[in-house]
Amino acid sequence: MNLLDIRNLSLVMISGNKRVVVIDRVSLTMKEGELRGLVGESGSGKSLLAQAIMGVLDTKWIIDADRFHWRGTDLMRLSVSERKKIISKDVAMIFQEPMSCLDPTTTIGEQLEEAVDDKQLTGFFWQKKKQRKLAAVKLLHKVGIKKHSLCTSSYPHQLTEALCQRVMIAMALARRPILLIADEPTAAMESTNQGQIFRLLASLNQLKNMSVLLISHDLENMTHWTNRITVMYSGQFIEAGTTEQIFTTPFHPYTKALVESTSHANLNVTPKSRLSALPGSIPILKHIPIGCRLGPRCPRAQKACVDAPKTKSHHGHLVSCHFSLKDTY
Amino acid sequence: MLIFTLRRLNLFIFTLIVLTALSFSLSFLFPGDALINLTGQVNATPEQRLLLIEEYKFNSNIFQQYWAYLSHLFDGDLGVSIASHLPISSEIMNLLPATIELSVVALIIAMVVGIPLGFIAAVNHEKFADNTILFVSMLGYSIPIFWLGLLAILIFSIELGWLPSAGRLSLVYEIEPITGIQFFDILMSNSEYKWQAFQDATLHIIMPACVVAMAPMTTFIRLARTSMMEVLESSYIKAAKAKGLTFWQIIHRHAIRNALVNVIRYVGLRFANLVTLAMVTEVIFSWPGIGRWLIESIFQRDYTAIQGGLLALSSFIFIVHILSDFIYAALNPLAREHNHGA
């Protein structure tokens, strides 16, 4: 059974009396124990999708989906509070910019302790405080922070970005989630720290069978860590498949351009040759093109592209394009 | 924290130097004889005058004069009032506590009512409660304080007869002034009618304090509202939501403290404004405070009193300012120390 099954999720933003469809019918499935990557340029709605899954968006966003199932229960039929209850029990999220996601006036220890679920604690209420502390220390050890007493007594601004990110991961693990959504966990971090964080996530995935949805714009790192990849562009679904499929036989022109623009993933570039890239930039919310939003930038765009393409499946390799590159391989 | 305290003290000392220099220069800027303005001895005989010139070093240069003035200040000698010939320092000691009492009670009312109202408005953003609170705060902000005071007297004292309209305490109670702060004095006294006196003093302070509190309260409402709204949109609140905390847990544990940090910052600034309002209110409610005395002194051209009152009031405001800085530092760990690296 799929852990998370989202079909055609749309996210509408209401600003003033205008409605902007920011995310347009995106599908995403997660299996148990899967490490899936969600890739796209910044501004493609990856973080929004994650926040919509978590249910932390404020009232100016409206979520609509054909199917939004969590382990078989239909979340769209539940009320907001019930949905939140189920989601926050089993799903945890690591946000971008860990420093700003920690309360600046509360110590790390306190913030960690409040994340510990009451159900994990036993005994009477006077024993719980101690257990909470112990649980917090254990969590810090789990994410590789050895000086736990120093860490728990500090405020967020006293720690480095990488340490804060570890604390955020520890906080996410406190509820023993089944699915961890990691939203650019290594943004603004140097590569040694990046490697450590990714290794931590991968080991959690392997040892605890925790599913991870890794959101990143960095396709290169994704190849090492993920089993499957979903690609998004400007709030639209582009392509999904195994990591190998995405890298060796991308069906969508956008994915192809994305793969070609990363120098490492594309090993047959001759030195000093021109790196290929798509012309233009991602459209802003005010001027979203109709139909396939890649249209104005797409090298293969034709008249049919003014209608949004339907998603087609080729043996589990999903692609959403009128003129897919499938036949060229 | 030690360095933080030292820096605040340093600021305090330098501000006091500037303040005293200003008040010293005032005696030269006011019309009339500088020595008379400084000491208030209008009817001094030539012998007394010579003595004063010697005491205040008026025959040597200006720095020595200033130094002599400072040493007089530290001895608690601010001269005598030109109008009443009473020592200024004893007048201030008698009157300042009443003003402190009034403005502190007003500040507490403004904060205790204003800040939670602002928070409630922010939590119910763009709903009925928010609009109502904003409307009331706009109204309160635009009402002139003297008019509000007169209206309050008209309604609550004359029409309804609930509250006394003037003074600090009914004359029937005899309370020995020890600290000058009425409530402490009543509690410390061993009068038989202690509690009745306490009740009476409370009734007396309610109306003027509420009138003074009105304008600062409305600013606190709006400050608290914007700062709470900012906090609620921040990513750590989102992260706390994702942690699975309930809405009230988030408000209670994370939002209130962070929103308060921003509000407390402005409390010290608003306090100077509040004291000015208190001065006007003192006149309306015949509150025996320093504000009323100062305004009377201005009418009587009592230059020594103006100088002394100015010095006392501004040091009081400044002390409150520093206190609010300390509260801010206690709430906000970022203010306590330098940021390393970041």
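Here the structure is a predicted model, which is why all the values come from computation and not from measurement.

1. Some points on the overall build of chain B
A tally of regular secondary structure across chain B gives 14 helices and zero strands. Along the first, second and third principal axes, the C-alpha set of chain B runs to 85 × 65 × 40 Å. Going through the 342 residues of chain B one by one, you find that 37% of them count as buried. Here the contacts in chain B between residues at least 6 apart in sequence split such that 70% fall between residues at least 24 apart.

2. Some points on the overall build of chain A
Scanning chain A from N- to C-terminus turns up ten helices and 13 strands. Whereas a compact globule of 329 residues would reach a radius of gyration of roughly 20 Å, chain A reaches 21 Å, a difference of no more than 12%. Based on the C-alpha atoms only, the size of chain A along its principal axes is roughly 70 × 50 × 40 Å. When burial is assessed residue by residue, chain A has 41% of its 329 residues classed as buried. Taking contacts inside chain A between residues at least 6 apart in sequence as the whole, the part at least 24 apart equals 65%.

3. Focus: the interface of chain B and chain A
Reports often express the size of an interface as the amount of accessible area lost when the parts come together. The interface of chain B with chain A comprises 21 residues on the first partner and 21 residues on the second. Per-element tally for the side of chain B that touches chain A: the top contributor is helix 10 (residues 235-242) of chain B, with six residues. Here the residues of the side of chain B that touches chain A sort into nine nonpolar, seven polar and five charged.

4. Looking at helix 7 (residues 191-207) of chain A
All names here are of chain A. If you check helix 7, its first and last C-alpha atoms are 24 Å apart, about what 17 residues at 1.5 Å a residue would give, namely 24 Å. Among the residues of helix 7, those classed as buried are I197, F198, L201, L204 and N205. Around the axis of helix 7, the buried residues are gathered within 120° of arc, so they sit on the same side. Facing away from the buried side of helix 7, by more than 90 degrees, are the exposed residues T192, S203, Q206 and L207. Structurally, helix 7 contributes buried residues whose contacts are with strand 3 (35-39), helix 6 (161-173), strand 8 (179-183), strand 9 (211-216) and helix 8 (219-225). Once helix 7 ends, the next one or two residues include N209, with phi positive near 55°.

5. Points about the domain arrangement of chain B
Residues and elements named next belong to chain B. In terms of domain boundaries, chain B breaks down into domain 1 (20-80) and domain 2 (94-336). Inter-centroid distance (C-alpha atoms) of domain 1 to domain 2 is 37 Å. At the level of secondary structure, the elements contributing two or more residues to the side of domain 1 that touches domain 2 comprise helix 1 (2-29) and helix 2 (34-39). Counting residues per element, the side of domain 1 that touches domain 2 draws most heavily on helix 1, which supplies four residues. In terms of residue class, the side of domain 1 that touches domain 2 is built from four nonpolar, seven polar and no charged.

6. Quick look at the nonpolar core
With 163 residues, the main nonpolar core has M93, A170 and I181 of chain A together with A106 of chain B as its most contacted residues. When neighbours within four sequence positions are excluded, A106 of chain B is seen to be in contact with A209, V212, A213, L274 and A278 of chain B.

7. Remarks on the confidence of the model for chain B
Looking at chain B as a whole, its pLDDT mean stands at 83, while 98% of the residues score no less than 70. Predicted complex, confidence summary: ipTM 0.75, pTM 0.77.

8. Regarding the environment of F146 of chain B
Inspection of the secondary structure assignment puts F146 of chain B in helix 7 (residues 145-159). The exposure class of F146 of chain B is partly exposed, given the 14 C-beta atoms found within 10 Å.

9. So, the pairing of strand 7 (residues 91-94) of chain A
Residues and elements named next belong to chain A. Burial along strand 7 is two-sided: V91 and M93 and A92 and I94, pointing in opposite directions, are all buried. Pairing analysis gives four bridges linking strand 7 to strand 8, with the strands arranged parallel. Each bridged residue has a counterpart across the sheet, and for M93 the counterpart in strand 8 is I181.

10. Comments concerning helix 1 of chain B
Residue and element names in this part refer to chain B. Taking 1.5 Å of rise per residue, 28 residues should cover 40 Å, and helix 1 covers 40 Å from first to last C-alpha, within 8% of that figure. Of the residues making up helix 1, those classed as buried are S23, F24 and S27. Next to the buried residues of helix 1 lie helix 2, helix 4 (62-74) and helix 13 (303-331).

11. Details of unusual backbone geometry
For residues that are not glycine, phi is negative in most cases, and the peptide bond is trans in most cases. The backbone phi angle of E97 of chain A is positive, close to 50°, even though this residue is not glycine. Within the element layout of this structure, E97 of chain A appears in the loop between strand 7 and helix 3 (108-115).

12. Remarks on the packing of helix 10 of chain B against helix 11 (residues 247-284) of chain B
Residues and elements named next belong to chain B. Interhelical geometry of helix 10 versus helix 11 gives an angle of 150° and a closest axis separation of 11 Å. By the angle class used here, helix 10 and helix 11 are roughly antiparallel. Helix 11 is crossed by helix 10, and the crossing has right-handed handedness. Of helix 11, the residues touching helix 10 (which contributes Y236, I237, A240 and K241) are I250, H254 and A255. Looking at side-chain class alone, the contact of helix 10 with helix 11 contains five nonpolar, one polar and one charged residues.

13. Topic: the environment of M76 of chain A
Residue and element names in this part refer to chain A. Take M76: it is sitting in the loop between strand 6 (73-74) and helix 2 (80-90). C-alpha separation for the pair M76 and D64, spaced twelve residues apart in sequence, amounts to 8.0 Å. In this view, M76 contacts A65 and F68; residues no more than four positions away in its chain are not counted.

14. Regarding the environment of G309 of chain B
Residue and element names in this part refer to chain B. Tracing the backbone through its elements, the reader meets G309 in helix 13. G309 sits in the buried class, given 27 other C-beta atoms within 10 Å. In the structure, G309 is positioned 18 residues away from G291 in sequence and 8.4 Å away in space, judged by C-alpha atoms.

15. A word on the packing of helix 9 (residues 194-233) of chain B against helix 11 of chain B
Geometry of a packed helix pair, given as the angle between the helix axes and the separation of the axes. Residue and element names in this part refer to chain B. Running from amino to carboxyl end, helix 9 crosses helix 11 at an angle of 155°, the nearest separation of the two axes being 8 Å. As the angle between them shows, helix 9 and helix 11 are arranged roughly antiparallel. Relative to helix 11, the crossing made by helix 9 is right-handed. Among the residues making up the contact of helix 9 with helix 11, the classes are represented as 18 nonpolar, six polar and one charged.

Reading guide: rules and limits
Residues numbered from 1 in each chain as written. Chains lettered and ligands numbered in written order. Predicted model: local features only at pLDDT ≥ 70, side-chain atom pairs only at ≥ 80, totals over all residues. Helix = DSSP H or I, 4+ residues; strand = E, 2+ residues; numbered from the N terminus. Buried ≥ 20, exposed ≤ 12 C-beta atoms within 10 Å, placed from the backbone. Contact = placed C-beta atoms within 7 Å. Rg over C-alpha atoms; globule rule 2.2 N^0.38 Å. Nonpolar A, V, L, I, M, F, W, Y, C, P; charged D, E, K, R; others polar. Expected span 1.5 Å × (residues − 1). Arc of directions from axis to C-beta. Domains from an automatic or database assignment. Core = buried A, V, L, I, M, F, W, Y, C linked by C-beta atoms within 7 Å. pLDDT = per-residue confidence, 0-100. Pairing = 2+ DSSP bridges. Axes fitted to C-alpha atoms, helices over the stretch in contact; angles between N-to-C directions. Parallel < 35°, antiparallel > 145°, perpendicular 65-115°, else oblique. Left-handed = near helix turned anticlockwise from the far one by under 90°.

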